[in-house]
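Residues per chain are reported as follows:
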Amino acid sequence: MKKNLPRKGKGIAFNVSMLYIMNIAKLVFPLITLPYLTRVLSVDCYGVVSYVKATMVYAQLVVDFGFMLSGVKAITEAREDRELVGRITGNVILAKVMLSIASLAVIVTAALFIPILRENMLYTILAFIPIALSTLLLEFLFRGLELMHIIAARYVLMKSISVGLTLVLVKGDSDILWIPILDILSSLVAIILTLREVRKLRIKISFVESIKGSWNSLKVSSIYFVSEAATTVFGALNTILVGIFMDKADVAYWAVCLQLVSAVRAMYTPINNGIYPQMIKTKDLSIIKRVVKIFLPLVVAGCLIVVLFAEPILVIAGSAKYAAAAPIMRCLVPVLFFSFPAMLLGWPTLGAINKVRETTKTTLSAAVVQIAGLIILGITGHFQIMLVASLKSFTEMCLMSFRLRYCWKYRNEFNRVNDREGEK
């Protein structure tokens, strides 16, 4: 009896386009809720919403624990065996349940010492529930099976429900609890759709390996988690130091420019996520070369547009008072350029040939470069906005260089894999 899954992926182009739809949705929906909530809620109340949301970003990071990379890799490699896919899925679910319990305990404990969380304990706990429920959305499973359209359609539906009902039900501070409640409702709808898709795929989620299998999954994924956590934590440290050494105007300029940079870099993510499963299966460098040939000219064109039209871009994104941040924006353009190959040479390339430690090492090394640079600027009294922007660009170039060096070092591993596959 055949044990392979009945459905195959839709191809790189289709998957990337689906992930682009999801990323665009991630940009659009906040643009709808942000101006609405700031208008109907008081400043203090919106401060609670923003602070709790920032806290949940870290909770989500812990609950995900790198499974979006390690889980995708495991599913992709096991996709010919439905039973194995079911066991892997069960192990990851149980591991994420344990992480959710641990995260909730940390959040409740932290709330005892942080007034804004303690005074809004019910809101905080309700806001955590969608994070815990994300355990059952099984995004790693669908990514590994290259069924990105399921993820994209589900996300758009989830956010349409929560955003739409937010506009209807949240009218003032007294309605604040509706915000996490609606997120919980939309998550439950998404879980129902997820379980229906799993049933269609005839995957039986198995927990036979229990705690042992989940613990092994955590150990395997820990190095992926370290890499992702390093990027988030060191990025936060960078922002904190900027707030300490600079005046309010510089902080505002930095924040706006960094938001624009993050928005552009977010458009690179679907490309990497879309080719990652294919690279795991084929280890074929020609995929990376094709992506570079197609997208790098677009990246270069985008960088030139930012250099030439930085002022109007900032005016549109913020207002006329942010036009003064144009020199900072131009100084950050190298980040936009170097981050594309840096991301591409990371998990889709090095990760595909099991160079997980090397990929993580490049992330940590680049973070150390950035932190060392920030410390030097602070000690020497040169902590200036333009120098910080230049340092960020230099750090991104270092990250690309570190990963390019490893790709060159292990280049024959791609060739050997392809040769073996050709002999078969």
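Look above for the structure.
Definitions and limits used
- Residues numbered from 1 in each chain as written.
- Predicted model: local features only at pLDDT ≥ 70, side-chain atom pairs only at ≥ 80, totals over all residues.
- Heavy atoms only, no water.
- Core = buried A, V, L, I, M, F, W, Y, C linked by side-chain atoms within 4.5 Å.
- Buried < 20%, exposed > 50% of the residue type's maximum accessible area, 1.4 Å probe, protein only.
- Contact = heavy atoms within 4.5 Å.
- Helix = DSSP H or I, 4+ residues; strand = E, 2+ residues; numbered from the N terminus.
- Expected span 1.5 Å × (residues − 1).
- Phe/Tyr/Trp six-rings, centres within 6.5 Å; stacked < 30°, edge-to-face > 60°.
- Lys NZ or Arg CZ within 6 Å of the ring centre and 35° of its normal.
- Disulfide = S-S within 2.5 Å.
- Bend = angle between axes of the 7 residues up to and from the residue.

1. Thoughts on the nonpolar core
Counting 48 residues, the largest nonpolar core has Trp254, Ile328 and Leu332 as the members making the most contacts within it. Ignoring anything within four residues of it in the chain, the contact list for Leu332 reads Trp254, Cys257, Val261, Ala389, Lys392 and Ser393. Judged by nonpolar contacts, the second largest core, of 42 residues, contains Met22, Phe29, Leu147 and Tyr224.

2. Let's talk about helix H13 (residues 285–308)
The end-to-end C-alpha distance of H13, which contains 24 residues, comes to 34 Å, matching closely the 34 Å that a straight helix rising 1.5 Å per residue would cover. Within the span of H13, buried status applies to Ile287, Ile288, Val291, Val299, Cys303 and Val306.

3. So, the packing of aromatic side chains
The tally for this structure, following the rule as stated, stands at six aromatic pairs. Seen from their ring centres, Tyr268 and Phe340 are 5.2 Å apart, and the 70° between their planes marks the pair as edge-to-face. Taken together, the residues Tyr268 in the loop between helix H11 (248–266) and helix H12 (269–282) and Phe340 in helix H16 (residues 333–344) connect sequence positions 72 residues apart. With respect to burial, Tyr268 and Phe340 carry one shared label: buried. Pairing Phe337 with Phe338 gives two aromatic rings, centres 5.2 Å apart and planes at 75°, and the pair type is edge-to-face. Using a relative accessible area of 17% as the deciding quantity, one classes Phe338 as buried. One aromatic cluster is present, built from ring pairs that chain together Phe65, Phe67 and Phe225. Taking NZ or CZ as reference, Lys355 lies 4.1 Å from the ring centre of Tyr410, over its face. Above the ring of Tyr406, the side-chain terminus of Arg405 is found at 5.5 Å from the ring centroid.

4. Section: the side chain of Asp175
Its place among the elements puts Asp175 in the loop between helix H8 (148–169) and helix H9 (178–200). For Asp175, the contacting residues outside a window of four places in its chain are Leu169 and Val170.

5. With respect to the state of the cysteines
Tallied over the full model, the rule gives zero disulfides. Just so you know, Cys257 is unpaired, no disulfide at all, and the nearest cysteine sulfur is the one on Cys331, 9.9 Å from it. Cys257 sits in the buried class, given a relative accessible area of 0%.

6. Some remarks on H12
The end-to-end C-alpha distance of H12 is 20 Å, a good match for the 20 Å that 14 residues give at a rise of 1.5 Å each. Residue Tyr276 marks the point of greatest curvature in H12, where the axis turns by about 35°; the proline Pro277 follows within four residues. Burial analysis of H12 places 10 of its 14 residues in the buried class, which makes it a mostly covered element. Within H12, the full set of buried residues consists of Pro270, Ile271, Asn272, Gly274, Ile275, Tyr276, Pro277, Gln278, Met279 and Ile280. One or two residues past the end of H12 sits Lys283, with phi positive at roughly 50°.

Read these as layout, nothing more, since geometry by itself doesn't imply function.
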